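Chain by chain, the residues:
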Amino acid sequence: MLNPLDSYNQSLIARVHPPDWVNPIPQDQYDLIVIGAGTAGLVIAAGSAGLGIGLKIALIEKNYMGGDCLNVGCVPSKTMIRSARVVNELKKAANLGVIAGDITIDFATVMERLRKVRSEISEADSAQRFKNLGVDVFFGEAQFTSRHTLRIVNSDDNTNLTFKKAAIATGTRAISPKINGLAAAGYLTNESVFNLTECPKRLLVVGGGPIGCELAQTFQHLGSQVTLVHKNSQILNKEDPDAASIIRSQLTQDGIDIWTNTEILDIEVTSDGKKVQIKTPDGLRSIVVDEILVGAGRQANIESLNLDAIGIATHPHKGILVNDFLQTAQPHIYAAGDVCMDWKFTHAADFAARIVIKNAFFSPFGLAKSKLSNLVMPWVTYTHPEVAHVGLYEHQATVSTTTITISMNTVDRAITDDETQGFVKLLLRAGSDEILGATIVSAHAGEMISEVTTAMVNKIGLGKLASVIHPYPTQADAIRKAADAYRKTLLSDRTRSLLKLLSKFAH
């Protein structure tokens with residue numbers, strides 16, 4: 001999966017799946033076995049071993065430790081996005097009085113840096129680090145053989161392990177759409193796109209969700225002519241429509257051809273490239289591209305676990321079914337991360353893992369169980385501008401609400417930075433300052449959303465944020481402006497009349 005095998009990828013592999021690794025001799029019984037060494041699995045294993053109570057922990061991974069985030073997700077994609085943003089900055093530099101001249105993009109160097117960064121970060125996820133933590137690390141494929149036993153299948157041997165508790169964190173993989181001719185033509189997913197060493201001149205991106213939009217914009221900035229095809233009427237269709245509209249406008253301005261309400265009918269390999277026939281609201285069209293990148297959904301990695309044999313329920317789209325405590329149908333077996341959750345984010349997997357640790361080892365002693373539903377979960381789409389969200393959208397609210405919106409073009413720092421696209425939109429419970437949700441669209445939305453999330457977690461109302469002094473000038477000052485706007489709504493006509501009268505006596 002990891003190509004080319006240069007020094008950086010060899011260093012990465014040596015850490016996350018060492019070719020000379022020898023699986024340890026199994027202990028008689030493990031207190032906890034963790035299946036999958038992505039974010040959730042690593043946090044569960046490290047956190048459990050770090051309790052310092054002598055737990056026997058085993059960690060099983062069939063591919064690369066670090067999972068999607070390190071190897072084919074957050075780390076490589078955000079490294080590419082950083083390079084793409086430099087290109088974007090240079091293109092608009094003339095607006096700031098800086099003449100950059102012709103821009104030369106060395107795509108091979110961009111991807112070499114990606115591999116270098118990924119290799120450097122991999123140390124924290126390495127097999128050796130977890131061995132040093134006291135975790136028995138096994139490479140191979142896990143298959144349950146009973147409620148308290150499993151088998152590890154690999155090329156060398158089959159190993160049987162016995163456990164008291166287990167946690168499944170096997171993640172997801174890209175869905176392969178059923179499109180006539182797609183398999184024969186060949187295509188990229190997040191698992192292969194970061195292996196590229198040459199930039200495709202013409203790239204078709206299938207799917208206008210967060211991954212599709214991020215990578216479409218990135219490749220456009222790095223030299224591709226990108227066409228984005230999305231089956232729904234709105235790209236980022238789970239996001240606030242106003243936010244999605246801004247991102248669509250920006251992607252179009254960047255030069256991306258966007259087709260919504262569009263279906264791919266057929267793909268054919270020709271001498272000129274991959275000919276793709278699409279059905280649009282305006283009729284049938286054909287486009288020719290050099291590469292196709294599919295980002296149209298995920299499916300859980302559960303087929304090889306033999307879950308049916310031990311009565312663990314699954315769902316074709318949701319993966320492993322769990323309760324609010326992240327327990328499967330077998331209460332001593334937990335699941336966490338993408339394999340069972342709607343929130344498919346690294347930080348969500350991290351905090352879900354903490355729930356598993358607490359519920360597995362602390363709740364038996366009378367401490368209250370932690371619930372997944374109690375998490376206040378922010379997320380970010382790393383387009384430019386970014387889209388960040390936390391809490392409810394307006395259409396999800398079951399109570400009366402009010403909305404306060406501050407446009408970024410009224411924020412001084414956004415004006416000085418020439419980054420006025422976007423807004424801060426806060427959803428409040430009607431008649432109060434309780435924050436139910438927020439959407440931020442701005443160049444730094446991912447950094448700004450944490451202030452709102454902190455307020456929501458600690459039940460701090462928007463009115464109190466007005467008393468928080470924000471350094472001037474900062475783009476986060478938009479949040480204080482929203483708080484001030486809320487306070488102004490508290491001034492009734494009667495209060496204004498009284499203040500007017502009092503001001504006369506004051507003079």
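Each remark here, short or long, concerns the structure printed above.
Below is a short write-up of the structure. As the structure is a prediction and not an experimental result, all values here were calculated from the model. Residue positions are given per chain, counting from 1 as you read along its sequence in written order. Given that the model is predicted, a residue must reach a pLDDT of at least 70 before its local features are reported, and side-chain atom pairs must reach 80 or more before they are shown or counted; all residues, however, enter totals for whole chains, interfaces and linings. Hydrogens and water are ignored here; the side-chain numbers use all heavy atoms of the structure.

### Observations concerning the nonpolar core
Here's step 1: Residue types Ala, Val, Leu, Ile, Met, Phe, Trp, Tyr and Cys, when buried and joined through side-chain atoms within 4.5 Å, form a set referred to as a nonpolar core. Only protein chains enter the accessibility calculation, which uses a 1.4 Å probe; a residue is then buried when its area is under 20% of its type maximum, exposed when over 50%, and partly exposed in between. Grouped together as the largest cluster of nonpolar side chains are 69 residues, with contacts concentrated most on Met65, Phe144 and Ile168.
Here's step 2: With nine residues, helix 10 (residues 346-361) is the single largest residue contributor to this core.
Here's step 3: Contacts: residue pairs with any heavy atoms within 4.5 Å of one another. For Met65, the residues in contact, after removing those within four places along its chain, are Val16, Ala37, Leu42, Leu59, Leu70, Asn71, Asp125, Ser126, Ala127, Phe130, Val137 and Phe139.
Here's step 4: If you look at the next biggest cluster of nonpolar residues, it comprises 33 residues, including Ala84, Phe107, Leu114 and Leu251. Numbering of helices and strands runs from the N terminus, with a helix taken as a DSSP run of H or I at least four residues long and a strand as a DSSP run of E at least two residues long.

### Observations regarding the packing of aromatic side chains
Here's step 1: Two rings from Phe, Tyr or Trp (for Trp, the six-membered ring) form a pair when their centres sit within 6.5 Å of each other. Planes less than 30 degrees apart are called stacked, planes more than 60 degrees apart edge-to-face, and all others tilted. Summed over all chains, the structure comprises six aromatic pairs.
Here's step 2: Ring geometry for Phe345 against Trp379: centres 5.6 Å apart, planes inclined by 20°, an arrangement best described as stacked. Placement of the pair is Phe345 in the loop between strand 18 (333-335) and helix 10 and Trp379 in strand 19 (residues 378-381), with a sequence separation of 34 residues.
Here's step 3: Each residue in the set Phe345, Trp379 and Tyr393 is aromatic and connected to the rest through ring pairs, giving one cluster.

### Structural notes on the sheet that holds strand 8 (residues 202-206)
The pairing of strands in a sheet happens through backbone hydrogen bonds and is either parallel or antiparallel.
Here's step 1: With parallel pairing, the four strands of this open sheet are ordered in space as 10-9-8-14. One side of each edge strand has no neighbouring strand; the edge strands of this open sheet are strand 10 (257-259) and strand 14 (291-294). This sheet shows a mean twist of 20° between the axes of neighbouring strands, independent of strand direction.
Here's step 2: Here strand 8 pairs with strand 14 via four bridges, running parallel. Considered in strand 14, the bridge of Val206 is made with Val294.
Here's step 3: Sitting on the sheet, helix 8 (residues 210-221) touches strand 8, strand 9 (225-229) and strand 14, and the angle it makes with strand 9 is about 165°. Any two strands with at least two DSSP-identified bridges between them are counted as paired. Here an angle of 0 to 180 degrees is reported between the N-to-C directions of two axes, which are lines fitted to C-alpha atoms, with helices fitted over the stretch in contact.

### Brief notes about the sheet that holds strand 11 (residues 263-270)
Here's step 1: An order of 11-12-13 is seen for the three strands of this open sheet, with the pairing classed as antiparallel. The outermost strands of the open sheet, each flanked by one partner alone, are strand 11 and strand 13 (283-289). Averaged over all neighbouring strand pairs, the angle between strand axes comes to 20°, with direction disregarded.
Here's step 2: Where strand 11 and strand 12 (residues 273-280) come together, seven bridges link them in antiparallel fashion.

### Concerning a nonpolar patch on the surface
Here's step 1: The patch calculation keeps residues exceeding 30% relative accessible area without a salt bridge and links them within 9 Å when they carry like charges or within 5 Å when they are nonpolar (Val, Leu, Ile, Met, Phe, Trp, Tyr). In short, Shrake-Rupley with a 1.4 Å probe defines the accessible areas, and a residue's cover is counted only from the protein chains shown. In what follows, salt bridge is the name for a side-chain nitrogen of Lys or Arg lying within 4 Å of a carboxyl oxygen of Asp or Glu. There is a patch of nonpolar side chains on the surface, built from Val86, Leu90, Ile103 and Ile105 and spanning about 260 Å² of accessible area.
Here's step 2: With respect to the secondary-structure elements, Leu90 resides in helix 4 (residues 74-91).

### A closer look at the packing of helix 4 against helix 5 (residues 107-121)
Here's step 1: Here helix 4 crosses helix 5 at 140°, and the two axes come no closer than 9 Å. It follows from the interaxial angle that helix 4 and helix 5 lie oblique. Of the two possible hands of crossing, helix 4 and helix 5 adopt the one that is right-handed. Across from Val75, Pro76, Thr79, Met80, Arg82 and Ser83 in helix 4, the residues of helix 5 making contact are Phe107, Val110, Met111, Arg113, Leu114, Val117, Arg118 and Ile121.
Here's step 2: Lys, Arg, Asp and Glu make up the charged group, whereas Ala, Val, Leu, Ile, Met, Phe, Trp, Tyr, Cys and Pro make up the nonpolar group; the residues left over, Gly among them, are polar. Among the residues forming the contact of helix 4 with helix 5, the class breakdown is nine nonpolar, two polar and three charged. When describing relative orientation, an angle under 35 degrees is termed roughly parallel and one over 145 degrees roughly antiparallel, while 65 to 115 degrees is termed roughly perpendicular and anything else oblique. Left-handed describes a crossing whose near helix is turned anticlockwise from the far helix through less than a right angle; right-handed describes the clockwise counterpart.

### Focus on the side chain of Lys425
Here's step 1: Along the chain, Lys425 turns up in strand 22 (residues 423-429).
Here's step 2: Overall, the relative accessible area of 14% leaves Lys425 in the buried class.
Here's step 3: Polar side-chain contacts of Lys425 include one of 3.1 Å to the side chain of Asp240.
Here's step 4: Side chain to side chain, Lys425 and Asp242 meet in a polar contact 2.7 Å long. Polar contact is defined as a pair of N or O atoms within 3.5 Å, subject to the rule that within protein one atom must be able to donate a hydrogen and the other to accept it, and that residues adjacent in sequence are counted only when both atoms are side-chain atoms.

### Looking at the pairing of strand 22
Here's step 1: Most of strand 22 sits out of view: six of its seven residues are buried.
Here's step 2: Two elements, strand 21 (residues 401-407) and strand 22, share seven bridges in a ladder whose sense is antiparallel. Bridge assignment links Ser407 to a residue of strand 22, and that residue is Phe423.
Here's step 3: With six bridges connecting them, strand 22 and strand 23 (residues 435-442) associate as antiparallel partners. Paired with Leu427 across the two strands is Gly437, which belongs to strand 23.

### Considering the side chain of Thr159
Here's step 1: Assignment of secondary structure puts Thr159 in strand 6 (residues 158-168).
Here's step 2: For Thr159, a relative accessible area of 15% gives the class buried.
Here's step 3: Beyond its immediate sequence surroundings of up to four residues, Thr159 is in contact with Pro26, Leu150, Arg151 and Ile152.

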